[in-house]
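Read off the chains here:
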Amino acid sequence: MGKPKPQAAKPFVISKWAVWDAYEKVKANQGAAGVDGESIEEFEGDLKANLYKLWNRLSSGSYFPPPVRAVEIPKKAGGVRTLGVPTVADRVAQTVVRSYLEPDVEPIFHPDSYGYRPGRSALDALAVCRRRCQQRDWVIDIDIRAFFDSIDHDLLLKAVSKHTDRPWVLLYIKRWLVAPLQKEDGTVVQRDRGTPQGSAISPLLANLFLHYAFDAWLAREHPSVSFERYADDIVVHCATEAQAQDVLVAIGERMAQVGLELHPDKTRIVYCKDDNRKGSHEHEQFDFLGYTFRRRTVRSRAGKLFNGFAPAVSDAAAKKIRRQIRSWRLHMRTDRSLADLARWVNPIVHGWINYYGHFYKSRLYPILRPINDYLNRWAQQKYKRLRGHLSRTWRWLEGVTRRSPALFAHWRLGVVP
């Protein structure tokens with residue numbers, strides 16, 4: 001027998017470690033199954049073979065993404081938003097490509113772009129927005145109609161090609177952009193625009209598109225205004241109403257140039273009304289990242305009360321929190337101990353407090369107080385001696401808070417019976 005022939009080199013150089021690292025990230029993020037119905041646990045049933053097969057196909061250029069499972073999510077204002085759920089293998093593949101592209105584009109992004117970027121958060125964007133609302137009297141609250149469904153593929157690929165010299169990165173992004181959506185009834189919808197929300201690569205591509213479509217353009221054409229952008233959620237700060245009107249017209253024209261459209265009912269000019277700003281305007285509040293910015297009574301560092309323009313948890317976010325608290329049906333969980341209930345709900349409540357309690361924390365108190373009402377009802381169901389004795393049950397619960405003031409996350413905040 002002659003010597004074995006050397007294995008042909010793959011056309012694309014992709015690290016096996018990059019595939020493994022991508023899998024670890026996908027596993028940490030969990031997520032639902034795609035069109036193949038395969039869960040992460042099932043994918044792990046033959047993990048080594050599945051990851052090798054994926055690496056082999058990516059490296060040879062023979063990887064073609066399957067359709068993306070379409071899931072419709074109700075919107076707060078009515079209608080539905082379509083999320084795309086790729087298969088587990090496809091999420092790993094997208095994460096591999098993102099790991100190669102992100103270091104190339106991250107350094108060029110604008111400092112006021114916050115969404116889905118390393119070391120940046122929604123709270124960072126909110127803090128900057130609050131400070132600028134104190135400095136500038138006017139805001140343009142921007143809503144881009146169906147942004148993720150409207151992204152122009154040619155413009156996006158042009159931006160990608162500008163920042164990578166790896167042909168396989170561009171190749172696979174092209175394939176993902178045109179991968180069809182498969183609806184729950186099995187119908188397959190072809191796509192020639194947009195990138196579905198829910199995919200691993202989508203947030204990075206959206207940021208890259210809006211960097212050129214909005215961030216860099218606004219900084220170049222209107223350097224005197226400032227903005228905060230979290231994905232497609234954008235707030236622009238202006239010194240005067242006239243400037244806001246001019247900039248809004250220019251933004252509308254710019255969006256049309258890149259194939260996007262401002263929502264005519266949700267995009268508006270807002271006056272940051274407070275004690276120092278006279279007059280009035282049709283719009284004097286706006287929502288941004290789950291917070292409502294409006295005139296509120298605040299306390300100065302010297303301890304004096306005044307009306308400032310400040311953020312607090314929005315009504316929409318509050319409604320969502322109350323709905324989730326009701327869904328727990330704590331009063332019916334009599335098979336569990338009080339400590340069990342605390343371990344169950346505390347991670348969620350702690351997350352609410354960390355996010356929505358960052359600004360104007362007291363707005364959370366009435367939203368979280370119903371948890372105590374459910375605990376009261378739980379105690380009456382759990383202990384016969386408390387049934388029918390409302391005041392006695394409250395005294396019992398107050399005693400628990402004195403003995404274990406840190407048992408529930410909202411008690412640590414001061415929301416006690």
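Keep in mind that what you see is a predicted model, and the values were worked out from it rather than measured. (Residues numbered from 1 in each chain as written. Predicted model: local features only at pLDDT ≥ 70, side-chain atom pairs only at ≥ 80, totals over all residues. Heavy atoms only, no water.)

Undergrad: Explain the overall build of the protein to me, and be specific about the residues and the numbers.
TA: Helices and strands together make up the secondary structure of the protein, namely 16 helices and 11 strands. Overall, the protein is about 90 × 60 × 40 Å in size when its C-alpha atoms are taken along their principal axes. Residues counted as buried form 47% of the 417 residues belonging to the protein. Of the contacts formed within the protein by residues at least 6 apart in sequence, a portion of 66% connects residues at least 24 apart. Summed over all atoms, the accessible surface of the protein reaches about 21,400 Å², with 50% contributed by carbon and sulfur. Side chains of the protein carry 66 positive and 45 negative charges; the gap between the two charge centres is 8 Å. (Helix = DSSP H or I, 4+ residues; strand = E, 2+ residues; numbered from the N terminus. Buried < 20%, exposed > 50% of the residue type's maximum accessible area, 1.4 Å probe, protein only. Contact = heavy atoms within 4.5 Å. Areas by Shrake-Rupley, 256 points an atom, 1.4 Å probe, with all protein chains shown as cover. Lys, Arg positive; Asp, Glu negative; His and termini not counted. Charge placed at Lys NZ, Arg CZ, Asp CG, Glu CD.)

Undergrad: Account for the pattern of salt bridges, naming residues and giving values.
TA: Scanning the entire structure with this criterion turns up 16 salt bridges. With its nearest N and O atoms 2.6 Å apart, the salt bridge here joins Arg 117 to Glu 106. Here Arg 117, found in the loop between helix H4 (88-105) and helix H5 (122-135), pairs with Glu 106, found in the loop between H4 and H5; they are 11 residues apart in sequence, far enough to count as distant. Each member of the pair Arg 117 and Glu 106 is classed as buried. A salt bridge links Glu 261 to Arg 145, with the nearest nitrogen and oxygen atoms 3.3 Å apart. With a gap of 116 residues between them, Glu 261 in the loop between helix H10 (241-257) and strand S8 (268-271) and Arg 145 in the loop between strand S3 (138-143) and helix H6 (147-150) connect regions that are remote in the sequence. Judged by its relative accessible area of 41%, Glu 261 falls in the partly exposed class. Three or more residues are tied together by salt bridges with common partners; here these are Asp 112, Arg 132 and Glu 228. (Salt bridge = Lys/Arg side-chain N within 4 Å of Asp/Glu carboxyl O.)

Undergrad: Would you mind going over the side chain of Arg 91 in detail, with residue names and values included?
TA: Positionally, Arg 91 belongs in helix H4. The buried charged residue Arg 91 lacks any salt bridge partner; its closest oppositely charged side chain belongs to Asp 36, at an N-O distance of 7.7 Å. Not counting residues up to four positions away in its chain, the partners in contact with Arg 91 are Val 26, Gln 30, Gly 31, Ala 32, Ile 40, Val 85, Pro 86 and Ala 200.

Undergrad: How would you explain the pairing of strand S11 (residues 305-313) if you had to name every residue and give the values?
TA: Across 9 bridges, the pairing between strand S10 (residues 291-299) and S11 is antiparallel. Each bridged residue has a counterpart across the sheet, and for Val 298 the counterpart in S11 is Phe 306. As consecutive antiparallel partners, S10 and S11 are separated by 5 residues, and within that stretch Gly 303 has a phi angle of approximately 95°, a positive value. (Pairing = 2+ DSSP bridges.)

Undergrad: Lay out the packing of aromatic side chains in plain terms, naming residues and giving numbers.
TA: Tallied over the full model, the rule gives 22 aromatic pairs. On the numbers, 5.6 Å between centres and 50° between planes, the contact of Tyr 116 with Tyr 230 is tilted. Here Tyr 116 is found in the loop between H4 and H5, whereas its partner Tyr 230 is found in strand S6 (residues 226-230), with 114 residues between them in sequence. According to the relative accessible area criterion, Tyr 116 is partly exposed, its value standing at 48%. Seen in terms of ring centroids, Tyr 355 and Tyr 356 are 4.9 Å apart; in terms of plane orientation they differ by 90°. Their pairing is edge-to-face. (Phe/Tyr/Trp six-rings, centres within 6.5 Å; stacked < 30°, edge-to-face > 60°.)

Undergrad: How would you summarise the sheet that holds strand S9 (residues 286-288) if you had to cite specific residues and measurements?
TA: Taken in spatial order, the 3 strands make up an open sheet running S9-S10-S11, and their pairing is antiparallel. Edge strands, defined here as strands with exactly one partner in the open sheet, are S9 and S11. Across the sheet, the mean angle separating the axes of adjacent strands is 55° when strand polarity is ignored. (Axes fitted to C-alpha atoms, helices over the stretch in contact; angles between N-to-C directions.)

Undergrad: How would you explain the nonpolar core if you had to name every residue and give the values?
TA: With 68 residues, the main nonpolar core has Ile 142, Ile 144, Phe 147, Ile 173, Phe 214, Val 236 and Ile 251 as its most contacted residues. Element by element, the count of residues in this core is highest for helix H9 (residues 202-221), at 10 residues. Ignoring anything within four residues of it in the chain, the contact list for Phe 214 reads Ile 142, Phe 227, Ile 234, Val 236, Ile 251 and Met 255. Core analysis: the next-biggest nonpolar cluster, separate from the first, contains 53 residues, Phe 293, Ile 325, Val 345 and Phe 408 among them. (Core = buried A, V, L, I, M, F, W, Y, C linked by side-chain atoms within 4.5 Å.)

Undergrad: Now, about a positive patch on the surface: what can you tell me, with residues and values included?
TA: There is a patch of like positive charges on the surface, built from Lys 319, Lys 320, Arg 322, Arg 323 and Arg 326. Among the secondary structure elements, Arg 323 is positioned in helix H11 (residues 315-328). (Patch = residues over 30% accessible without salt bridge, like charges linked within 9 Å, V, L, I, M, F, W, Y side chains within 5 Å.)

Undergrad: Go over the environment of Phe 147 with me, naming the residues and quoting the values.
TA: On the secondary structure map, Phe 147 appears in helix H6. C-alpha separation for the pair Phe 147 and Trp 17, spaced 130 residues apart in sequence, amounts to 34 Å.

Undergrad: Run through helix H1 (residues 16-29), naming residues and quoting values.
TA: Over its 14 residues, H1 extends 20 Å from the first C-alpha to the last, a length consistent with the 20 Å expected when each residue adds 1.5 Å. Here H1 has its buried residues at Ala 18, Val 19, Ala 22, Tyr 23 and Val 26. Down the axis of H1, the sector holding all buried residues measures 140°, keeping them to one side. Seen from the buried face of H1, the exposed residues on the opposite side, beyond 90 degrees, are Trp 17 and Ala 28. Among the structural elements, helix H2 (40-43), helix H3 (47-60) and H4 are those in contact with the buried residues of H1. One side-chain oxygen at the N-terminal end of H1 lies 3.0 Å from the backbone nitrogen of Trp 17; it belongs to Ser 15. Taken from the residues just after H1, Gln 30 is the one with a positive phi, measuring 60°. (Expected span 1.5 Å × (residues − 1). Arc of directions from axis to C-beta. Polar contact = N/O pair within 3.5 Å; in protein donor to acceptor, adjacent residues only side chain to side chain.)

Undergrad: Could you give an account of the environment of Gln 94, naming the residues involved and the relevant values?
TA: Its location among the elements puts Gln 94 in helix H4. The residues touching Gln 94, leaving out its near neighbours within four places in the chain, are Pro 86, Trp 176, Ser 199, Ala 200 and Ile 201. Of note is the side chain of Gln 94, whose polar atom sits 3.0 Å from the backbone nitrogen of Ala 200.

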